[in-house]
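Residue-level listing of the chains:
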Amino acid sequence: DEEDDDDEGNNDDVEGKNDKSVEHKIITPLFKTDAHVGCVKAVACCDKWIATGGTDETIRVIDIKRNREHGMLHQHTSAVNCVEFYKNSHLISGSEDGSVMIWRTSDWTPLHTLNNKHGLLSLSVHPSGRMVLCLGVDRKKKRSHLNLWNLLDGRCALTITLPKLAQDVRWSPSGDAYALVEDNEVTVYNTEEGTELAKLEHSSKIASIKFLKSILICGGEDKSLHVWNVPGYTLQHRLTAHTSRVRCVDGWETDAGEIRAVCATSDGTLTIWDTKIPKRLIAIPVPGRLVSMALFVHNKSA
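Basis of the calculations
- Residues numbered from 1 in each chain as written.
- Predicted model: local features only at pLDDT ≥ 70, side-chain atom pairs only at ≥ 80, totals over all residues.
- Heavy atoms only, no water.
- Disulfide = S-S within 2.5 Å.
- Buried < 20%, exposed > 50% of the residue type's maximum accessible area, 1.4 Å probe, protein only.
- Helix = DSSP H or I, 4+ residues; strand = E, 2+ residues; numbered from the N terminus.
- Contact = heavy atoms within 4.5 Å.
- 1 Å grid on protein atoms, 1.4 Å probe; cavity = no way out; pocket = protein on both sides within 12 Å on 5 of 7 lines; lining within 4 Å.
- Points joined across faces, edges and corners; volume = space filled by probe spheres on them.
- Nonpolar A, V, L, I, M, F, W, Y, C, P; charged D, E, K, R; others polar.
- Salt bridge = Lys/Arg side-chain N within 4 Å of Asp/Glu carboxyl O.
- Polar contact = N/O pair within 3.5 Å; in protein donor to acceptor, adjacent residues only side chain to side chain.
- Pairing = 2+ DSSP bridges.
- Axes fitted to C-alpha atoms, helices over the stretch in contact; angles between N-to-C directions.

### Structural notes on the state of the cysteines
With the rule as written, the count across this model stands at zero disulfides. This cysteine, Cys-82, is not joined by any disulfide, and Cys-134 carries the nearest cysteine sulfur, 7.4 Å off. Assessed through its relative accessible area of 7%, Cys-82 is described here as buried.

### Brief notes about the environment of Arg-104
Tracing the sequence through the fold places Arg-104 in strand E9 (residues 99-104). With a relative accessible area of 32%, Arg-104 lands in the partly exposed category. For Arg-104 and Lys-41, which are 63 residues apart along the polypeptide, the C-alpha to C-alpha distance reads 21 Å. When neighbours within four sequence positions are excluded, Arg-104 is seen to be in contact with Ser-89, His-90, Thr-109 and Leu-111.

### Let's talk about the layout of surface pockets
Size it by volume and the second largest pocket reaches roughly 2100 Å³. Listing elements by their share of the lining of the second largest pocket, those giving two or more residues are strand E3 (40-45), strand E4 (49-54), strand E5 (59-63), strand E24 (259-265), strand E25 (269-274) and strand E26 (279-285). No other element matches E26, which puts four residues into the lining of the second largest pocket. Of the residues belonging to the lining of the second largest pocket, the class tally is 30 nonpolar, nine polar and six charged.

### Topic: the pattern of salt bridges
Scanning the model with the defined rule gives 11 salt bridges in all. Arg-104 is the salt-bridge partner of Asp-107, the closest N and O atoms lying 2.9 Å from each other. Overlapping salt bridges, with partners in common, bring together Lys-164, Glu-185 and Lys-199 in one network.

### A few points about the side chain of Asn-147
With respect to the helices, strands and loops of the structure, Asn-147 is situated in strand E13 (residues 143-150). Of note is the side chain of Asn-147, whose polar atom sits 3.0 Å from the side chain of Thr-159. When sequence neighbours within four positions are dropped, the list of residues in contact with Asn-147 reads Asn-116, Val-132, Leu-133, Cys-134, Cys-156, Leu-158 and Thr-159.

### A look at the sheet that holds strand E11 (residues 119-125)
Pairing within the open sheet is antiparallel, and its four strands lie in the order E11-E12-E13-E14. The open sheet has two edge strands, E11 and strand E14 (155-162), and neither has a second partner. Sheet twist, expressed as the average angle between the axes of neighbouring strands with direction ignored, equals 20 degrees. Of the strand pairs in this sheet, E11 and strand E12 (residues 131-138) are connected by six bridges, and their pairing is antiparallel. Residue pairing across strands places Ser-122 opposite Leu-135, the latter belonging to E12.

### Structural notes on the side chain of His-242
Within the secondary structure, His-242 sits in the loop between strand E22 (235-239) and strand E23 (246-253). Note on His-242: relative accessible area 4%, which makes it buried.

### Quick word on unusual backbone geometry
Across the junction of Val-230 and Pro-231, the peptide omega takes the value 15 degrees, indicating a cis bond. Examined against the element boundaries, Pro-231 turns out to sit in the loop between strand E21 (225-229) and E22. Going from Ile-277 to Pro-278, the amide bond is cis rather than trans, its omega being -15 degrees. As for its position among the elements, Pro-278 is in the loop between E25 and E26. At Lys-142, a position not held by glycine, the phi torsion is positive, near 55 degrees. By the secondary structure assignment, Lys-142 is in the loop between E12 and E13. Note on Lys-142: relative accessible area 60%, which makes it exposed. Backbone geometry at Tyr-233 places phi at a positive 60 degrees, although glycine is not the residue there.

As structure tokens, this is what we get:
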């Protein structure tokens, strides 16, 4: 990858395919269910609930502590493409018809509906809970629209028409920046001024990103994870020990300051990395084709 070689910083390609120290784990699911009649499009979790959205226009809610289904939400009238929790108090969901719904998790009452003109591909709730970024797509004109909604008054504060199709949008943990994914580029913008902070180019299309305090993780069709430093946005590592394309990425920071990256690949493998060493720690085979993933860390000491 010639572009990666030109980046500053420690941009070593880390293979690890034959690393015998990697633990290959077989895990037993705590809970398994055929959640949707159609395909599962999105999944999110907090420390009490799991929520999944599907092409059957429903949201399924699962009680984590009891390991059983809690109920089903029917108010959407099109495929539910994105779901995200704000803390434990609210769930925000977006669908193919452009609607975004805010749910109160204490009784699962739908509080508000925000209507976007185009079908939702991605949404991201600001860390303050006061705003939500909604990424919609106009497939006929082959361009995307980014809307910023004020959740306090239910008004759209900003609409940006993007010149090409975008795949994903994510706030930074502090909320002072957000990242927009367009094909093989990830562009980071300053929230207050709207100025471009960095444009991160990759060799192929990016499918998923995760914004952490000190790194930005990107994964996609080149079967690699790209780990970028924050706020400098220089390439720290390119982790290439995957046999198929990366569909989803996530991560967390341990109490000791170590950073773990988790990726799900289309061949049904979950891989956990230590991004500082860097080293592949665990590879977990999962039955079926992975299309979405949500991470909740009970113990941040490891």
